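Overview (structure and organization)
Here are the chains, one letter per residue:
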Amino acid sequence: MLQKQINPIHFEKFTPVMFLDWVTHKVQQNPELTFQTCSSYKMHMLKNYGVTLSIEAVKTFSSDFRGLKRTLNLSQSCNQDAKVTTGNVPLSYDLYSVFAKVMLQKPEREYVWARTFLILAWNLMSRSRNVCTLLYNHMEFVGDALRFYVIHAKNDQAGEKPRDPKHVYSNVCSPEVCPLLALGIYFCLGRAGEGEGCRDVLV
C-alpha cells in the first residue's frame, strides 16, 4: 500500500541532472524503453507522493530532457544497427478485414465474441481494457450513429475528466467489418459472459 508520508527520494535534492542520468542508464539497459515512458514514471511518482515542482524546475526538466532526446537521436541516426521503428507492428486494415471475414463464417460463440470485440476495439480506437469495461449504459443511438462513452482513459485513470462520445456507423459496403452487424449477431446468439459480474458488461 502506498504511503505518501514515506518518500523514497529526497525530492528537494532531486535535480534534473540526476533524472537525466537515470534515464540514460535505463535506456542503455533496455533499448526498447522510450523517453516518454521514463518521463511518465517521474510524473507518476511525483503525483503519488504529492510533490509539486516549482515552475523553474519544470522548465529545466523539460529543456534538459528535450536536449537529451535530441542528442541521442542524432547519435542513433548514424548507427546502422539502430531500429527505425519502435513498439509493436500495427494491424493493417487488410489483415483486420481478413480476420473479421473469417470469424464471420464461424458459427461458434467464441468467434462471434472475438469478432465483436475486435471490431469495437478498431472502431473506438481503444485499448482492449477499455472495450472490456464497456457497459450497456455507455452506448446510445443518436441519429444514424451509435455513440459510445469510454469512461476510462490512460491519461485519466480516475475517469474524472469530461468525455466526448465516440460515434460508430454502419458499413454496408463491407459487412464483415460492420460494427452494427457484429453487435446484432452477438446479441442474437447470446452474450458470452453469464456470470453475476458480467450482467451489465457489453462484451
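Residues numbered from 1 in each chain as written. Predicted model: local features only at pLDDT ≥ 70, side-chain atom pairs only at ≥ 80, totals over all residues. Heavy atoms only, no water.

The subject of this paragraph is the overall build of the protein chain. Within the protein chain, the secondary structure is distributed over seven helices and three strands. In the protein chain, buried positions account for 29% of the 203 residues. For the protein chain, the share of sequence-separated contacts (at least 6 apart) that also reach a separation of at least 24 residues comes to 58%. Split by element, the accessible area of the protein chain, about 14200 Å² in all, is 57% carbon and sulfur. (Helix = DSSP H or I, 4+ residues; strand = E, 2+ residues; numbered from the N terminus. Buried < 20%, exposed > 50% of the residue type's maximum accessible area, 1.4 Å probe, protein only. Contact = heavy atoms within 4.5 Å. Areas by Shrake-Rupley, 256 points an atom, 1.4 Å probe, with all protein chains shown as cover.)

Attention shifts here to the packing of helix α5 (residues 109–124) against helix α7 (residues 179–189). With their axes 9 Å apart at the nearest point, α5 and α7 run at an angle of 150° to one another. Handedness of the crossing formed by α5 with α7: left-handed. On α7, the residues touching R109, V112, W113, R115, T116, I119, L120 and N123 of α5 are P179, L181, A182, L183, I185, Y186 and L189. Among the residues forming the contact of α5 with α7, the class breakdown is 11 nonpolar, two polar and two charged. (Axes fitted to C-alpha atoms, helices over the stretch in contact; angles between N-to-C directions. Left-handed = near helix turned anticlockwise from the far one by under 90°. Nonpolar A, V, L, I, M, F, W, Y, C, P; charged D, E, K, R; others polar.)

With that settled, the discussion passes to the side chain of S126. By secondary structure assignment, the location of S126 is in the loop between α5 and α6 (128–132). Judged by its relative accessible area of 15%, S126 falls in the buried class. Only 3.3 Å separates the side chain of S126 from the side chain of K166, close enough to count as a polar contact. Sequence-distant contacts of S126, that is, excluding residues within four places in its chain, are made with A121, V131, V150 and K166. (Polar contact = N/O pair within 3.5 Å; in protein donor to acceptor, adjacent residues only side chain to side chain.)

Glancing now at the packing of aromatic side chains. Inspection of the entire model under this criterion finds six aromatic pairs. Consider the rings of Y96 and W122, whose centres lie 4.0 Å apart with planes at 5°: the pair is stacked. Residue Y96 is located in helix α4 (residues 93–104), and its partner W122 is located in helix α5; the two are separated by 26 residues in the primary sequence. Y96 gets classed as buried once you look at its relative accessible area, which sits at 1%. Residue W122 is classed as partly exposed on the basis of its relative accessible area, which comes to 31%. Between the aromatic rings of W113 and F117, the centroid separation amounts to 5.2 Å while the plane-to-plane angle is 25°, which identifies the pairing as stacked. Of this pair, W113 and F117 both sit in helix α5, separated by four residues, roughly a single helical turn. (Phe/Tyr/Trp six-rings, centres within 6.5 Å; stacked < 30°, edge-to-face > 60°.)

Once that is clear, we can look at the confidence of the model for the protein chain. Do not read the fine detail of predicted coordinates wherever pLDDT is low. Overall, the prediction assigns the protein chain a mean pLDDT of 76, with 66% of residues at 70 or greater. The spread of mean pLDDT over the elements of the protein chain runs between helix α3 (residues 55–77), the lowest at 69, and α4, the highest at 95. Counted against residues more than four places away or in other chains, residues 193–197, with its pLDDT under 50, gives two contacts. (pLDDT = per-residue confidence, 0-100.)

Let's shift gears to the sheet that holds strand β2 (residues 145–148). Spatially, three strands are ordered β1-β2-β3 in an open sheet, and the strand pairing comes out antiparallel. Here the strands that pair on one side only, and so sit at the sheet edges, are β1 (139–142) and β3 (166–168). Sheet twist, expressed as the mean angle between neighbouring strand axes with direction ignored, is 30°. Pairing between β1 and β2: four bridges, direction antiparallel. In the sheet register, E140 faces β2, and the bridge partner there is R147. (Pairing = 2+ DSSP bridges.)

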